[in-house]
Structures are given as C-alpha cells and as structure tokens.
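Residues per chain are reported as follows:
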Amino acid sequence: MTVIHAASGVADLGGADGWGTAPVLDPNEPVFKEEWEGRAFAMSLLSMRISGANLDAFRHAMNRLDSEHYFDDGYYGRWLYGAENLLMDSDIIAPGTVEARATNMTGGHAEEPAAPEPHKPDYAPTAAGSIRVIDAPQRFRVGQRVRAKIMHAPGHTRLQKYTQGHVGTVAIVEPAQVLPDTHAHFIAENAQWVYTVRFDSRELFGPSAEQFSLNTDLYEDYMEEAS
Amino acid sequence: MSTDVTADRIPIKLRTEALEQLLVERGLVDPNVMDAFIKTYEKDVGPLNGAKVVAKAWTDAEFKARLLENGTTTVAELGFKGPQGEHIVVVENTESVHNVVVCTLCSCYPWPLLGLPPTWYKDPVYRARVVKEPRAVLGEMGLSLPESTEITVWDSSSEVRFFVLPQRPAGSEDLSEDELAALVSRDSMVGVAEVVVS
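Okay, so let's go over this structure. Given the structure is predicted, the values throughout are model-derived calculations rather than measurements. (Residues numbered from 1 in each chain as written. Chains lettered and ligands numbered in written order. Predicted model: local features only at pLDDT ≥ 70, side-chain atom pairs only at ≥ 80, totals over all residues. Heavy atoms only, no water.)

Let's talk about the packing of aromatic side chains
Heads up, the rule is: Side-chain rings of Phe, Tyr and Trp (the six-membered ring for Trp) are treated as a pair once their centres are within 6.5 Å; stacked means planes under 30 degrees apart, edge-to-face means over 60, and tilted covers the remaining angles. Under the DSSP-based scheme used, a helix requires at least four consecutive residues in state H or I and a strand at least two consecutive residues in state E, with every element numbered from the N terminus. Three exposure classes are used, based on accessible area relative to the maximum for each residue type with a 1.4 Å probe and protein chains only: buried under 20%, partly exposed in between, and exposed over 50%. Geometrically, a lysine NZ or arginine CZ counts as sitting over a ring once it is within 6 Å of the ring centre and also within 35 degrees of the ring normal.
Enumeration according to the criterion identifies 23 aromatic pairs over all chains in this entry. Summarising the aromatic geometry, the rings of A:Phe41 and B:Tyr41 are spaced 5.5 Å apart at their centres and angled 80° between planes, so their arrangement reads as edge-to-face. One end of the pair, A:Phe41, is in helix H1 (residues 35-50); the other, B:Tyr41, is in helix H2 (residues 31-44), on a second chain. For A:Phe41, a relative accessible area of 0% corresponds to the buried category. For B:Tyr41, a relative accessible area of 11% translates into the label buried. Each ring, one from A:Phe140 and one from A:Tyr195, has its centre 5.5 Å from the other, and the planes form 85°; the classification is edge-to-face. Within this pair, whereas A:Phe140 is found in the loop between helix H5 (97-105) and strand S1 (145-148), its partner A:Tyr195 is found in strand S3 (residues 192-200), the two being separated by 55 residues in sequence. By relative accessible area, which is 0% here, A:Tyr195 ends up buried. An aromatic cluster of at least three residues, connected via ring pairs, comprises A:Phe32, A:Phe41, A:Phe58, A:Tyr75, A:Tyr76, A:Trp79, B:Tyr41 and B:Trp111. A cation over an aromatic ring shows up here: A:Arg78 above the ring of A:Tyr70, its NZ or CZ 4.4 Å from the ring centre. Of note, B:Lys56 hangs over the ring of B:Phe63, and the distance from its end group to the ring centre comes to 5.4 Å.

Okay, structure coming up:
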C-alpha cells in the first residue's frame, strides 16, 4: 500500500517575503561546524539505504516536517529528522525509540519500544541515479513558450509555487529523469524529459520587480504549451 | 502542517548520538563507514576541485569550449564525478551577464566540484529572496554589480547541477594555472562573489 504523506509546504521558500537580511559569507567555515553535523550527514545517507528509500523520498521526508523541525536545528537537523521519518516509514525503528534512548543516555529511565518487523517499500530502481534513457519524443523544443501548470500535488513535487501558472521559454533540453512526484512515493519512476525554462522576473513577480531572468528546471508533466 | 516527529524536542547533538547508538547496536550502520563519508567531504571533495576546473578553463580555450558544451563529461576528464554530479551544466559569467545559483526547495549543490554547501547557501533567507530580488541580495552579500549587467538566476529543481565559471580577474595575466586555481573562491563558483587578484 502506498501511503502519501502531505508536504507541510515549509520547504517551498522561493519568492517568500519577510525573511530579512541576506546571510554573510564565511570563506573559512569548516565543512561541519560541529561534530554531530557530520554524524547526521553520514547517518542520513545510510538511513536512506537501509530504509530501502530513494533520494526523492528523502527530500519528501524533510518536506513533511513542521517549521520548527525544518528550521531550528539547521540543515543537518532537518536531514536527521528526515532520516528518522524514513526509518519509521519502513519500520526500521518504532516511533518513540530515539526519544527513549536519549532519555536513557542522560540518566533517565524510559522503556524502549522493541525493534519492529521491517517493511521496506516495494520498489527497485531500474538504474542508478535519476537520469534515464527514454524513447519518448520531446514534447517541447528550445525557444517554445510554455506555462508551468498550477498543480496541487498530494505529496512530493519539485514544481515551486512561485513558477506555477507563469509563462516562460524553453532554454535547454535536459536529460530525461525520474519524476520526483511519483518516485518519492515508490509509485513509478515515470522517467520523462526535463527542460530548463527561462522566466522573466516581471512575469513571475510583477512589473515593479527587479529586472532579471530566472531559469529553473521543469519536468514535462509540469508543463503545457502557452499560445 | 503535519509532522511525524511529535515528541518533545531533544537537543540535536544528543538525538544524533541516540540514533547512531541504536543503528550501530542493531548492526544497521557501521561507524567506520560513517567516518569514511565524513572524511571524504572534509578532506577530498571540496571547492578546490571546482577551482581547478575554472583555472583550466581560463588557460585552455579548447577545454573551456568543451566545458560549456558538456560540463559533465568535461569535468570527469579531471576525475570529478559522483553523488550530486549526475549532470553538470556550466554557465559563464561575462562583462554583460552574471549568473547566480540557488536551490529554493532544498539545497541542491554540485558536490563533486564544490563539496557540501556552505551555511549561507542553505540559509532560508538566501533561498527565499535570491529568486525574487537577486541584485539586492547580492549587494547585501558584498557583490555590487553594474546596472548594465544582466542577472540570470538558476534555481536547481531537477538533478541538473549548475556551476558558475567566474570571470578571470584583471591583473592575472602572468599567473600559472595553479596560481589561478588558488585565487578562485568557492563563493565565486556559485555566483555570489567575484574572483580578485590578492
């Protein structure tokens, strides 16, 4: 059975207002500022593997987090919470296990749930990575005017809110790739052409916006012809 | 809003240790494998890779032409490939066009060329604002571009990874490829800084 968890919407940040001043560059910052960040990084990559999940499922496991869990412990914090979601989805660990262990590690006493019987997704990739060779013809060509559809994906998607409903021009035909919307939920790879589409900033953000071009990748399912 | 992590918040360092203990105890994770992943991205895979690509492109016109035509296979000539580098598109900064890269939905980044992303790249402020007001954001980050320079923002939403070839700085004419590589900063290869002769 496929369970589609809804995204919280918290990750879709592009174009959002109210975020304050841009960050400061620090050319000398270490790769991992604290030791736990490196541990969380490595453990998350391995958790994706032992859960039988994939990269799109991992991204969605982060997109399901509420704003507190998504932001408060930074990038590797959301990786860790996302990894825990994958481990719970596949019944590798039972909910409450990490909390109980943390209590026991700090002098408390908590009953730890028994390790459940794992249920990994019924899914096997047809190849490594996300790029696929497909026979289907390209529906769009360089220079063509296209519209990013307005979609209400029930689960995962890589179609940002800020592009939806707007018209741009195909700039590059990219390699065909698995569709994150179905791949994240182990429904199908649905490999299809991807296009880098160029939008005018004023089409996206109105006539008083700064003048610039915004290029982003759209999967074929996200696009329709704009006449 | 929905979440699957509903228990009281535990400090993240403790939480990480607790999960590692559980997974190691159950034989699911090998701490030596974790150490190897960490060491790879601390020591081996970082912005020096990208800097070598840039310096070679500045000194070898044929290489540069191949790099702009097919980024993935051309950087692989130098041995740079791997996770988060399945398909690399190189975009060139010039007098008239300035490119800057973001991933608004997470923090996609060309790992084989630049390593893991810096804090500023993962900052929600950068992710939210650079697609809407790049000139203002770049200005706040210390890069003031002439009004005549066109800006192109690349928002990475598929598995394509964008890499910026920065402009070669004035005064670098006599430098060797190695000396040039030493000048190229990580931030210039994402498009939030320029390369300068130190």
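Quick look at the environment of B:Ala36
The topology assignment puts B:Ala36 in helix H2. As for B:Ala36 and B:Leu175, which are separated by 139 residues in sequence, their C-alpha atoms are 36 Å apart.

Here's the deal with the layout of surface pockets
Basically, it comes down to this: Whether a set of points on the 1 Å grid over the protein atoms alone is a cavity depends on a 1.4 Å probe fitting there but being unable to get out, while an open set qualifies as a pocket with protein on both sides within 12 Å along at least five of seven lines; lining residues are those with an atom within 4 Å of a point. Grid points are joined across faces, edges and corners, and a volume is the space filled by probe spheres set on the points. In this classification, the charged set is Asp, Glu, Lys and Arg, the nonpolar set is Ala, Val, Leu, Ile, Met, Phe, Trp, Tyr, Cys and Pro, and all remaining amino acids, among them Gly, are polar.
Each pocket or cavity is described by its volume, and for the largest pocket that value is around 990 Å³. Lining the largest pocket are 44 residues; nearest its centre among them are A:Leu45, A:Met48, A:Leu55, B:Pro83 and B:Gln84. Where the lining of the largest pocket is concerned, the elements lending two or more residues are H1, helix H2 (55-63) and helix H4 (74-89) of chain A together with H2 and helix H6 (111-114) of chain B. Among the residues making up the lining of the largest pocket, the classes are represented as 24 nonpolar, 12 polar and 8 charged. A volume near 560 Å³ is recorded for the second largest pocket. For the second largest pocket, the lining is made up of 34 residues, of which A:Glu29, A:Pro30, B:Pro117, B:Pro118 and B:Arg186 are closest to its centre.

Re the nonpolar core
In globular proteins that are soluble, nonpolar side chains generally tend to be buried together. Note the cut-off: Residues enter a nonpolar core if they are buried and are Ala, Val, Leu, Ile, Met, Phe, Trp, Tyr or Cys, with the set joined through side-chain atoms within 4.5 Å. The criterion used for residue contact is that any of the two residues' heavy atoms lie within 4.5 Å.
Grouped together as the largest cluster of nonpolar side chains are 119 residues, with contacts concentrated most on A:Phe41, A:Tyr76, A:Trp79, A:Met223, B:Tyr126 and B:Phe163. Setting aside chain neighbours within four positions, we find A:Trp79 in contact with A:Phe41, A:Ser44, A:Leu45, A:Phe58, A:Met62 and B:Trp111.

Observations regarding the side chain of A:Ser213
For clarity, the threshold we go by: Throughout this description, a polar contact denotes any pair of N or O atoms lying within 3.5 Å of each other; where both atoms belong to protein, one of them has to be capable of donating a hydrogen while the other can accept it, and for residues adjacent in sequence the pair is counted only when both atoms sit in side chains.
Its location among the elements puts A:Ser213 in strand S4 (residues 213-219). Reaching out from A:Ser213, the side chain makes a polar contact with the side chain of A:Arg198 at a distance of 3.2 Å. Those residues within four positions of A:Ser213 in sequence are excluded, and the remaining contacts are A:Arg198, A:Phe199, B:Ile151, B:Thr152 and B:Val153.

Describing the pattern of salt bridges
Going by this rule: Salt bridge, as applied in this entry: a Lys or Arg side-chain nitrogen positioned within 4 Å of an Asp or Glu carboxyl oxygen.
Overall, the coordinates contain 25 salt bridges over all chains when judged by the stated rule. In this structure, A:Asp89 and A:Arg64 form a salt bridge, with 2.9 Å as the shortest nitrogen-oxygen distance. Here A:Arg64 lies in the loop between H2 and helix H3 (67-71) and A:Asp89 lies in helix H4, a separation of 25 residues in the sequence. Owing to a relative accessible area of 3%, A:Arg64 belongs among the buried residues under this scheme. Here A:Glu68 and B:Arg9 are joined by a salt bridge, their closest N and O atoms 3.6 Å apart. On the criterion of chain membership, the pair formed by A:Glu68 in helix H3 and B:Arg9 in the segment before helix H1 (12-25) is interchain, its members lying in two chains. Owing to a relative accessible area of 31%, B:Arg9 belongs among the partly exposed residues under this scheme. Here the salt bridges do not stand alone but share partners, grouping A:Asp56, A:Arg59, B:Glu159 and B:Arg161 into one network.

Details of the sheet that holds S1(A)
Filter applied, for reference: Here, a strand pair is defined by DSSP locating no fewer than two bridges between the strands. Angles here are taken between N-to-C directions and fall from 0 to 180 degrees, while the axes themselves are lines fitted to C-alpha atoms, restricted in helices to the stretch in contact.
Here 7 strands make up an open sheet; going across it, the order is S5(A)-S1(A)-S2(A)-S3(A)-S4(A)-S3(B)-S2(B) and the pairing mixed. Of all the strands in the sheet, just strand S5 (223-225) of chain A together with strand S2 (97-102) of chain B have a single pairing partner and so form its edges. Direction aside, neighbouring strands of the sheet carry axes that sit 35° apart on average.

Section: the state of the cysteines
Formally, a disulfide is one covalent bond, and it connects the sulfur atom of one cysteine to the sulfur atom of another. Residues and elements named next belong to chain B. Inclusion rule: Whenever a pair of cysteine sulfur atoms sits within 2.5 Å, that pair is classed as a disulfide.
All chains considered together, the criterion is met by 0 disulfides over all chains. We note that Cys103 lacks a disulfide partner, and the nearest cysteine sulfur, in Cys106, lies 3.6 Å from it. Cysteine Cys108 is unpaired, with the sulfur of Cys106 as its nearest cysteine sulfur at 3.5 Å.

Comments concerning the interface of chain A and chain B
Test applied: For any pair of parts, buried area is found by adding up, for both, the accessible area (1.4 Å probe) each one loses once the two are put together.
Every contact between the two is made by 95 residues of chain A and, on the other side, 80 residues of chain B. When the two sides are added together, the surface that chain A and chain B hide from each other amounts to roughly 7,800 Å², 61% of it contributed by carbon and sulfur. Seen at the junction of chain A and chain B, the total is 10 salt bridges. Residues B:Lys132 and A:Asp17 are paired through a salt bridge, measuring 3.1 Å at the closest nitrogen-oxygen approach. Applying the counting criterion to the chain A and chain B interface returns 39 residue pairs in polar contact (both at pLDDT 80 or more). At the level of elements, H1, H2, H3, H4, H5, strand S2 (167-177), S3 and S4 of chain A are the ones that each hand at least two residues to the side of chain A that touches chain B. For the side of chain A that touches chain B, the element with the most residues is H1(A), which contributes 12 residues.

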